[in-house]
Amino acid sequence: MTKAPECGWNQAVFRCGRCGAEHTATTEDDYLKAVDAHRDAHAVWDRLNPTERDGLVSILRIITSAPDLAVELLALADKQHPPRDDAQ
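Residues numbered from 1 in each chain as written. Predicted model: local features only at pLDDT ≥ 70, side-chain atom pairs only at ≥ 80, totals over all residues. Heavy atoms only, no water.

Our next topic: the pattern of salt bridges. By the definition in use, this model includes five salt bridges. The shortest N-O distance in the salt bridge between D29 and K33 comes to 3.2 Å. One end of the pair is D29 and the other is K33, both in helix α1 (residues 28-47) and four residues apart, which spans about a single turn. Here D40 makes a salt bridge to R39, at a shortest N to O gap of 3.4 Å. (Salt bridge = Lys/Arg side-chain N within 4 Å of Asp/Glu carboxyl O. Helix = DSSP H or I, 4+ residues; strand = E, 2+ residues; numbered from the N terminus.)

This is the structure we're talking about:
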């Protein structure tokens, strides 16, 4: 006796029409997050000039290769520039 296939999907691939990037997701929530993150990345990238893009990429390569560094940099930034209370 064969088992009937379950309804729904087990994987979806997002393909960007602008840059050709592909992201595979196994849940609808992950798919929506990937689409949103990619859209936001394009929005940020489009606002940067070539020099800013090069600097951002250099920084991201360093930070993503050392997650503990990212945590420490954020902690340092918070100590150097505490969040302002703009509600005054």
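Picking up where we left off.
A word on the packing of aromatic side chains. For any pair of aromatic rings, the description consists of the separation of the ring centres together with the inter-plane angle of the planes. The final tally for this structure, using the stated rule, is one aromatic pair. The interplanar angle of 80° and the centroid separation of 6.5 Å between the aromatic rings of F14 and Y31 together place this pair among those described as edge-to-face. Of the two residues, F14 sits in strand β1 (residues 12-15) while Y31 sits in helix α1, which places them 17 residues apart along the sequence. Residue classification places F14 among the buried residues on the basis of a relative accessible area of 14%. For Y31, a relative accessible area of 26% puts it in the partly exposed group. (Phe/Tyr/Trp six-rings, centres within 6.5 Å; stacked < 30°, edge-to-face > 60°. Buried < 20%, exposed > 50% of the residue type's maximum accessible area, 1.4 Å probe, protein only.)

Side chains A12 and F14 project from β1 onto a buried face, and the interleaved V13 and R15 project onto a face without burial. Where β1 meets strand β2 (residues 22-25), four bridges bridge the pair, whose relative direction is antiparallel. Along β2, the bridge assignment pairs A12 with A25. Connecting β1 to the next strand, β2, in antiparallel fashion are six residues, including G20 with a positive phi near 85°. (Pairing = 2+ DSSP bridges.)

Right, let's get into the packing of helix α2 (residues 50-64) against helix α3 (residues 67-80). Between two packed helices, what matters for the description is the angle formed by their axes and the separation of those axes. Axis separation between α2 and α3 bottoms out at 6 Å; the angle between their running directions is 110°. With respect to α3, the element α2 is oriented roughly perpendicular. Taking contact as the criterion, the partners of I62, I63 and T64 in α2 are, on α3, P67, L69, A70 and L73. In terms of residue class, the contact of α2 with α3 is built from six nonpolar, one polar and no charged. (Axes fitted to C-alpha atoms, helices over the stretch in contact; angles between N-to-C directions. Parallel < 35°, antiparallel > 145°, perpendicular 65-115°, else oblique. Contact = heavy atoms within 4.5 Å. Nonpolar A, V, L, I, M, F, W, Y, C, P; charged D, E, K, R; others polar.)

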